[in-house]
Amino acid sequence: MSLTTFLFYFFEAIAALSAIALIFVRNVFYGALLLIMCLLALAAIYILAFAEFIAVTQILVYVGGILVVIIFGIMLTTKIAGKAMIVEHGYGFSGTLAGISFLVVLVYSLFQQSFPENNIPLIQSDFNSINTIGINLMSDFLLPFEVAGVLLLIALIGSAVLASSIKSNKI
Amino acid sequence: MFPIEHFLYLGALLFSVGLIVVITKKNMIMVLLGIELMLNASNLNLIAFNQLHTNSVNGQMFALFVIIVAVCEAAVGLAIVIQVYKYYQTSVPGEVNELNE
């Protein structure tokens with residue numbers, strides 16, 4: 001077993017285990033940290049799947065952006081002098097039933113399916129995915145790119161308005 | 001390089017775990033974490049299937065836009081959670097059960 005194969009299954013195991021631990025954890029802060037671990041392992045898997053740009057974006061946006069915002073949210077929504085941030089569990093049976101039955105359906109359909117052999121060589125000499133992504137963003141995907149920019153602006157203004165504490169009679 | 005099924009099994013597991021977290025946790029921020037996990041499972045599938053097409057990055061482009069939409073969803077969702085917490089003094093979704101004071 002080569003080193004890359006070992007790394008691939010190692011990071012898959014980390015992602016799977018930290019995701020499963022997210023079910024059982026009762027502290028919101030530990031949950032956010034487990035999600036960070038899962039997302040970092042996924043970024044490593046993306047690199048092994050030849051998606052370097054997506055991996056860097058994943059680290060920058062998810063781990064650097066979303067998780068920081070989520071930790072801010074955790075700190076803002078807990079009582080300062082209160083107890084630790086313990087999360088109650090509810091609907092345990094129905095939730096587990098829904099998740100496990102969905103997993104069984106997915107895995108069963110994956111067993112039925114036969115996928116073509118993934119025979120990309122480990123080293124691709126003449127193909128630069130970041131270069132191609134840049135060209136695609138400015139040619140084929142120009143309209144989604146612009147729409148995504150507008151969507152980000154709307155989300156920025158909207159969340160700033162929603163989270164502001166200024167009293168207004170109009171809203 | 002690696003068999004495509006192994007990516008897809010991990011994606012299926014992550015999606016199911018996200019579904020369980022969304023349903024069972026009684027905290028709005030935990031529900032948001034579960035939604036992020038489900039979005040990442042879909043991203044993993046997009047990147048796995050992208051490997052089947054050599055010299056093409058269409059799957060990676062889709063994954064990029066999924067990440068952008070996830071950012072917007074997290075920002076607006078957390079703003080709503082904070083406002084709801086200020087008003088109701090709780091972050092349990094089941095306890096938010098009135099529209100007006």
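Treat the numbers as computed from the prediction; the structure is a model and nothing was measured.

A. Structural detail: the nonpolar core. The biggest cluster of nonpolar side chains holds 64 residues, and the ones touching the most others in it are A:Leu42, A:Tyr46, B:Leu14, B:Val17, B:Ile29, B:Leu33 and B:Ile47. For this core, the secondary structure elements donating two or more residues are α1 (3-24), α2 (28-48) and α3 (52-76) of chain A together with α1 (4-24), α2 (28-50) and α3 (58-88) of chain B. Residues in contact with B:Ile29, not counting those within four places in the same chain, are A:Val28, A:Ile70, A:Gly73, A:Ile74, A:Thr77, B:Val81 and B:Ser91.

B. Local environment of the interface of chain B and chain A. Taken together, the 59 residues of chain B in the interface contact 69 residues of chain A. When residues of the side of chain B that touches chain A are traced back to their parent elements, those giving at least two are α1, α2 and α3 of chain B. Top element by residues in the side of chain B that touches chain A is α3(B). It accounts for 19 residues. Broken down by class, the residue content of the side of chain B that touches chain A amounts to 43 nonpolar, 12 polar and four charged.

C. Broad picture of the confidence of the model for chain A. With 87% of its residues at a pLDDT of 70 or more, chain A has an overall mean of 85. Averaged over each element, pLDDT in chain A is lowest for α3(A) (86) and highest for α1(A) (93).

D. Quick peek at unusual backbone geometry. Residues and elements named next belong to chain A. Of note in the backbone geometry, phenylalanine 50 takes a positive phi value of approximately 65° without being a glycine. In this fold, phenylalanine 50 is placed in the loop between α2 and α3. Phi at tyrosine 91 is positive, roughly 50°, even though this residue is not glycine. Here tyrosine 91 lies in the loop between α3 and α4 (92-112).

E. Here's a closer look at the packing of α1(A) against α1(B). Where α1(A) meets α1(B), the axes come as close as 9 Å, and the angle between the chain directions of the two elements is 15°. It follows that α1(A) is roughly parallel to α1(B) by the angle criterion. The hand of the α1(A)/α1(B) crossing is left-handed. When α1(A) is examined against α1(B), the residues A:Glu12, A:Ala15, A:Ala16, A:Ala19, A:Ile20, A:Leu22 and A:Ile23 are found in contact with a partner set consisting of B:His6, B:Leu10, B:Leu13, B:Leu14, B:Val17, B:Ile20 and B:Val21.

So, how was this worked out
- For every chain, the first residue of its written sequence is number 1, and the numbers climb from 1 along that sequence.
- Starting at A for chains and at 1 for ligands, labels are handed out in the order in which the entities are written.
- Only residues with pLDDT of at least 70 are given local features in this predicted model, and only at 80 or more are side-chain atom pairs given and counted; all residues enter the totals for whole chains, interfaces and linings.
- Joined through C-beta atoms within 7 Å, a set of buried Ala, Val, Leu, Ile, Met, Phe, Trp, Tyr and Cys residues constitutes a nonpolar core.
- Whether a residue is buried, exposed or partly exposed follows from its count of other C-beta atoms within 10 Å of its own C-beta, namely 20 or more, 12 or fewer, or something in between, respectively; the C-beta atoms are built from the backbone.
- Runs of H or I in DSSP of at least four residues are treated as helices and runs of E of at least two as strands, each being numbered from the N terminus.
- Here the contact rule is simple: place C-beta atoms from the backbone, and any two residues whose C-beta atoms are within 7 Å are in contact.
- Amino acids outside the nonpolar list (Ala, Val, Leu, Ile, Met, Phe, Trp, Tyr, Cys, Pro) and the charged list (Asp, Glu, Lys, Arg) are all regarded as polar, and Gly is one of them.
- Here pLDDT means the predictor's own confidence in every residue, given as a number from 0 to 100.
- To define axes, lines are fitted to C-alpha atoms, for helices over the stretch in contact only, and angles between the resulting N-to-C directions are given on a 0 to 180 degree scale.
- In what follows, roughly perpendicular refers to angles from 65 to 115 degrees, roughly parallel to angles under 35, roughly antiparallel to angles over 145, and oblique to any angle outside these ranges.
- Helix crossings get a hand from a simple test, with the near helix turned counterclockwise from the far one by less than a right angle marking a left-handed crossing and a clockwise turn marking a right-handed one.

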